[in-house]
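Geometric and topological summary
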Amino acid sequence: MPDPLVLAADVETELVEKRSRFLTRLHRVEDLDQAEDRIRAARRDHPDARHHCTALVIGARGDAAEVNRSSDDGEPSGTAGMPMLQSLLHAGLVDTLAIVTRYFGGVKLGAGGLMRAYTAAVEQAASEATVLRRTQLTVAELDVPLAEIGAAENAVRQWAAAHSAHVEPTVYSARAATVQVLIEPSHLEALAADTARWSSGRIDVRASGDRLTDVPVSREAG
């Protein structure tokens with residue numbers, strides 16, 4: 001399965017269908033309490049709206065099971081929350097709450113029209129979102145003498161920029177420093193070989209575990 005996506009920032013969009021306004025908010029949330037806070041805020045911001053329909057996907061972590069929830073909030077059953085939820089799942093988004101606030105425009109859309117409108121509202125917001133890819137990266141560590149830390153950090157940053165890796169803050173001790181870089185597991189051998197080259201074999205690379213990390217990704221790559 002492809003890596004899940006998470007929001008880099010919240011998104012707000014608007015869709016108009018037969019004079020009804022569908023105001024969509026996508027929020028990054030970590031748990032149900034955060035989601036409920038966002039829903040209450042939407043109701044406060046738009047007290048005159050007829051409906052505040054919601055869909056929520058929270059990705060599995062640790063012993064917690066994945067959460068998928070939706071609410072039609074007074075719309076005919078199955079015409080709002082479930083289409084919104086399916087749109088989030090189709091987009092591959094996790095840890096995401098979608099709220100679609102509807103202002104009725106005086107023209108009834110019918111069940112099919114509502115389903116299409118709520119689907120389109122979330123799809124539009126998802127298409128405009130800046131996203132991150134959640135993936136498992138290897139934590140590679142390099143123990144560097146303090147006298148060489150400047151050159152080592154520069155070399156690691158250059159390597160990381162060329163390999164879409166992520167350099168962590170250096171950890172210092174009395175006699176040495178540890179440079180950490182998060183890399184794709186398949187890149188470990190390449191980092192070790194390049195490090196041996198620029199350090200003339202003085203510095204080794206070791207893997208110290210894996211870390212679930214959110215990394216930038218283009219919409220095309222996603």
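Residues numbered from 1 in each chain as written. Predicted model: local features only at pLDDT ≥ 70, side-chain atom pairs only at ≥ 80, totals over all residues. Heavy atoms only, no water.

Quick notes on the overall build of the chain
The helix and strand tally for the chain stands at 5 helices and 11 strands. At 23 Å, the chain has a C-alpha radius of gyration far larger than the 17 Å of a compact globule built from 222 residues. For the chain, the spread of C-alpha atoms along the three principal axes comes to 75 × 30 × 30 Å. For the chain, the proportion of its 222 residues judged to be buried stands at 43%. Long-range pairs, those at least 24 residues apart, make up 72% of the contacts in the chain with a sequence separation of at least 6. Put simply, the chain shows about 11,700 Å² of open surface, and 49% of that area lies on carbon and sulfur atoms. Charge-centre separation for the chain: the mean point of 24 positive side chains lies 6 Å from the mean point of 32 negative side chains. (Helix = DSSP H or I, 4+ residues; strand = E, 2+ residues; numbered from the N terminus. Rg over C-alpha atoms; globule rule 2.2 N^0.38 Å. Buried < 20%, exposed > 50% of the residue type's maximum accessible area, 1.4 Å probe, protein only. Contact = heavy atoms within 4.5 Å. Areas by Shrake-Rupley, 256 points an atom, 1.4 Å probe, with all protein chains shown as cover. Lys, Arg positive; Asp, Glu negative; His and termini not counted. Charge placed at Lys NZ, Arg CZ, Asp CG, Glu CD.)

Quick notes on the pattern of salt bridges
Taken as a whole and judged by the stated rule, the model has 16 salt bridges. Between Asp214 and Arg134 there is a salt bridge; the shortest N-O distance is 2.8 Å. Of this pair, Asp214 sits in strand E11 (residues 205-216) while Arg134 sits in strand E7 (residues 131-145), placing them 80 residues apart in sequence. The exposure class of Arg134 is buried, given its relative accessible area of 13%. Arg211 is the salt-bridge partner of Glu168, the closest N and O atoms lying 2.6 Å from each other. Taken together, the residues span a long stretch of sequence, with Glu168 in the loop between strand E8 (166-167) and strand E9 (171-172) and Arg211 in strand E11 at a distance of 43 residues. For Glu168, a relative accessible area of 23% gives the class partly exposed. (Salt bridge = Lys/Arg side-chain N within 4 Å of Asp/Glu carboxyl O.)

Description of helix H4 (residues 149-162)
Think of an α-helix as turning once every 3.6 residues; residues three or four places apart then point the same way. Between its terminal C-alpha atoms H4 stretches 20 Å, which fits the 20 Å expected from 14 residues at 1.5 Å a residue. Of all the positions in H4, only Ile149, Ala152, Glu153, Ala155, Val156, Trp159 and Ala160 are classed as buried. For H4, the arc enclosing every buried residue in end-on projection is 165°, short of the 170-degree limit, so these residues lie on one face. Turned more than 90 degrees from where H4 packs its buried face, Ala151, Gln158, Ala161 and Ala162 sit exposed. Summarising the contacts, the buried residues of H4 are in contact with E7, E8, E9, strand E10 (176-183) and helix H5 (188-198). (Expected span 1.5 Å × (residues − 1). Arc of directions from axis to C-beta.)

A short note on the packing of aromatic side chains
Counting across every chain of the model gives 1 aromatic pair. Summarising the aromatic geometry, the rings of Phe22 and Tyr118 are spaced 5.1 Å apart at their centres and angled 85° between planes, so their arrangement reads as edge-to-face. Remark: Tyr118 occurs in helix H3 (residues 110-128) and Phe22 occurs in strand E3 (residues 20-28); sequence separation between them is 96 residues. What makes Tyr118 buried here is its relative accessible area of 0%. (Phe/Tyr/Trp six-rings, centres within 6.5 Å; stacked < 30°, edge-to-face > 60°.)

Let's talk about the environment of Ala125
With respect to the helices, strands and loops of the structure, Ala125 is situated in helix H3. Remark: the alpha-carbon pair of Ala125 and Ala60, spanning 65 residues in sequence, is separated by 23 Å. Ignoring anything within four residues of it in the chain, the contact list for Ala125 reads Val11, Thr13, Thr24 and Leu26.

Re the sheet that holds strand E2 (residues 11-17)
Read from one edge of the open sheet, 5 strands run E2-E3-E6-E4-E5, paired in antiparallel fashion. The two strands at the open ends of the sheet, each matched to only one other strand, are E2 and strand E5 (67-71). Put simply, the sheet's adjacent strands are angled 15° from each other on average, direction ignored. Note that E2 and E3 share 7 bridges and pair antiparallel. When the sheet's bridge partners are listed, Val11 is paired in E3 with Leu26. Packing of helix H2 (residues 81-91) onto the sheet brings it into contact with E3, strand E4 (51-58), E5 and strand E6 (96-103), and relative to E4 it is tilted by some 35°. (Pairing = 2+ DSSP bridges. Axes fitted to C-alpha atoms, helices over the stretch in contact; angles between N-to-C directions.)

Here we look at the confidence of the model for the chain
Mean pLDDT for the chain: 93, with 95% of residues reaching 70 or above. E11 is the least confidently modelled element of the chain, averaging 92 in pLDDT, while E6 averages 98, the highest of any element. (pLDDT = per-residue confidence, 0-100.)

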